[in-house]
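Given next are the chains, with one letter for each unit.
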Amino acid sequence: MNIAIIGAGNVGGALGRSWAKAGHSIFFGVRDPGGTMTKAPFAVGSAGTACLVPDAVRQAEVIVLATPYEAVPDVIRTMGDVHGKIIIDCTNPLFLNAEGSLSLSVGSSTSGAEEIERLVKGARVAKAFNTYGFENFVDSSYPGYGDAKPVMLYCSDDDEAKEVVEQLATDLGFEPVDTGGLGMARSLEPLALLWIRLAMRRGRNPNFTWAMLKR
Ligand SMILES: NC(=O)c1ccc[n+]([C@@H]2O[C@H](COP(=O)([O-])OP(=O)(O)OC[C@H]3O[C@@H](n4cnc5c(N)ncnc54)[C@H](OP(=O)(O)O)[C@@H]3O)[C@@H](O)[C@H]2O)c1
């Protein structure tokens, strides 16, 4: 696939590097193509091409949002025509509340992903790759659990978007789990907050994921 990843930070860099290894073509959509590649993590320069956001979007059928949630409206304004394209939202609408506690700025009756869908006219939105720290996108292996793999919980209203997420999650070593329509982002975004809080309790240790045991 030709994938435009908007943002080449922790998440964008990790996803880009891993998907490039799986054979995909990566176009990082960034604000400063020259500067970004020198400060970005994971040597993303060897994973893909850095270009301005509209140039990355033009070359890709799949667009991955990996910027801070607050930056997304700005990003969408610069993307250009996204009609028919698949947009995978990895962002989490995190903010520090008045008590100084990490919270979500939207939720319960909507979600970041649904707000994004309202802004991207004609694109097909999926929520995925938001519930773990980026370290798990670099290495998803957890030996010692038999056939059980870490799950990648995702949602979308669009069947083709779901197929794309399934493929990209599988490429990273996850078991993709379809949780339903895009409204399920109202559950997946709080799940990210839970993951972050657990990681903090473990001394900022990001080396754990969700798995699904079935019978
Ligand atoms: N960190 C995690 O482990 C993790 C895991 C899952 C999901 N998430 C979510 O994923 C998103 C990215 O997190 P991150 O940790 O990768 O953040 P990060 O390392 O700070 O990277 C953010 C990237 O977004 C770019 N950016 C910011 N504003 C932009 C704009 N207006 N236009 C274009 N690019 C812009 C930054 O570019 P510049 O270099 O130009 O500033 C940077 O490359 C967040 O929404 C976060 O909640 C994070």
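It should be noted that the structure appears before, not after, this text.
In this text the structure is predicted, and so the values were computed from the model without any measurement.

Draft legend 1. The overall build of the protein, seen in detail. Helix and strand counts for the protein stand at eight helices and 10 strands. Overall, the C-alpha framework of the protein stretches about 45 × 35 × 35 Å when taken along its three principal axes. Per-residue burial over the protein gives 48% buried out of 215 residues. Put simply, 69% of the contacts in the protein that link residues at least 6 apart link residues at least 24 apart. When the accessible surface of the protein is split by element, carbon and sulfur atoms take 52% of a total near 10,200 Å². Positive and negative charge centroids in the protein, built from 20 and 24 side chains respectively, lie 6 Å apart.

Draft legend 2. Focus on unusual backbone geometry. For Phe-129, which is not glycine, the phi dihedral falls at a positive 55°. Looking at the secondary structure, you find Phe-129 in the loop between strand S8 (124-127) and helix H6 (135-138). Relative accessible area serves as the criterion here: at 1%, Phe-129 is assigned to the buried category. Phi at Arg-204 takes a positive value of approximately 60°, unusual for a residue other than glycine.

Parameters and conventions
- Residues numbered from 1 in each chain as written.
- Predicted model: local features only at pLDDT ≥ 70, side-chain atom pairs only at ≥ 80, totals over all residues.
- Heavy atoms only, no water.
- Helix = DSSP H or I, 4+ residues; strand = E, 2+ residues; numbered from the N terminus.
- Buried < 20%, exposed > 50% of the residue type's maximum accessible area, 1.4 Å probe, protein only.
- Contact = heavy atoms within 4.5 Å.
- Areas by Shrake-Rupley, 256 points an atom, 1.4 Å probe, with all protein chains shown as cover.
- Lys, Arg positive; Asp, Glu negative; His and termini not counted.
- Charge placed at Lys NZ, Arg CZ, Asp CG, Glu CD.

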